[in-house]
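# Coordinates in review
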Amino acid sequence: MSVSDPWWAPGRIASLLGAGGIAVHLALAGEHAGHAPAVLAGLAVLALVCLPCGFQLWKRPSDRAAWTSLLALSGLMTLLHLGMRPQGAMLFAVLAVPVAQLLLGFTVMVRRAQAAPGRSPA
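The sections below set out a description of the structure shown in this document.

### Section: the overall build of the protein
- If you tally the helices and strands in the protein, you get four helices and zero strands.
- Reading the protein from its N terminus to its C terminus gives the helix and strand order α-α-α-α.
- Each of the three principal axes of the protein carries a C-alpha extent, and together these read 55 × 25 × 20 Å.
- Here the protein holds 122 residues, and the buried ones make up 33% of them.
- In the protein, once contacts between residues fewer than 6 apart in sequence are set aside, the share between residues at least 24 apart is 65%.
- Roughly 7,300 Å² of accessible area belongs to the protein as shown, and the carbon and sulfur atoms make up 72% of that amount.

Written out as structure tokens, the structure reads:
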């Protein structure tokens, strides 16, 4: 992979956003470790789910499967976070990463489809 790859920057940005989300989930898991083991386990699993996609987007930012996974996981995370019924500043805090990744993923997929006019985007 080189910087001349048109998907280099979006892939790295998505990967870094995922790393930020992982860090937040692990920090929250640490806060719940002593009193809520189910929450601890859930947050740890959520953090681990992001790892393969993040690594793949860092190494191969043009990988269609990684972008598809990012879109699916970010959509699911957005729904899970909305299920928490956040309000005020918390609404922004819990939606920032998954919504940013959704927007980035949709942008990349649309640009890919436009870059290959003779091919199906799927």
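### Here we look at helix α1 (residues 8-32)
- Helix length check: α1 (25 residues) gives 36 Å between terminal C-alpha atoms against 36 Å at 1.5 Å per residue, within 8%.
- For α1, the elements touching its buried residues are α2 (37-59), α3 (64-83) and α4 (89-115).

### A short note on the nonpolar core
- Core analysis: the largest hydrophobic core is formed by twelve residues, namely Trp7, Ala14, Cys53, Leu57, Ala66, Trp67, Leu70, Leu71, Leu102, Leu104, Val108 and Met109.
- Here Trp7 is in contact with Pro61, Ser62, Val108, Arg111 and Arg112, once residues within four sequence places are set aside.

### Examining the packing of aromatic side chains
- For the structure on display, the rule yields zero aromatic pairs.
- Sitting over the face of the ring of Trp58, Arg12 holds its NZ or CZ atom 3.8 Å from the ring centroid.

### Considering the state of the cysteines
- All told, the structure shown has zero disulfides when counted by the stated rule.
- Among the cysteines around Cys53, which has no disulfide bond, Cys50 carries the closest sulfur, lying 7.7 Å off.

### A short note on α4
- Between its first and last C-alpha, α4 extends 38 Å over 27 residues, near the 39 Å set by a 1.5 Å rise per residue.
- The sharpest bend along α4 measures roughly 50° and falls at Ala96, with the proline Pro98 sitting one to four residues further on.
- Check the buried side of α4 and you find it contacts α1 and α3.

### Looking at the pattern of salt bridges
- As enumerated under the stated definition, the model contains one salt bridge in all.
- Salt-bridge contacts for Arg60 lead to Asp63; the nearest nitrogen and oxygen are separated by 4.0 Å.
- The class of Asp63 is buried, set by a relative accessible area of 13%.

Conventions and cut-offs
Residues numbered from 1 in each chain as written. Predicted model: local features only at pLDDT ≥ 70, side-chain atom pairs only at ≥ 80, totals over all residues. Heavy atoms only, no water. Helix = DSSP H or I, 4+ residues; strand = E, 2+ residues; numbered from the N terminus. Buried < 20%, exposed > 50% of the residue type's maximum accessible area, 1.4 Å probe, protein only. Contact = heavy atoms within 4.5 Å. Areas by Shrake-Rupley, 256 points an atom, 1.4 Å probe, with all protein chains shown as cover. Expected span 1.5 Å × (residues − 1). Core = buried A, V, L, I, M, F, W, Y, C linked by side-chain atoms within 4.5 Å. Phe/Tyr/Trp six-rings, centres within 6.5 Å; stacked < 30°, edge-to-face > 60°. Lys NZ or Arg CZ within 6 Å of the ring centre and 35° of its normal. Disulfide = S-S within 2.5 Å. Bend = angle between axes of the 7 residues up to and from the residue. Salt bridge = Lys/Arg side-chain N within 4 Å of Asp/Glu carboxyl O.

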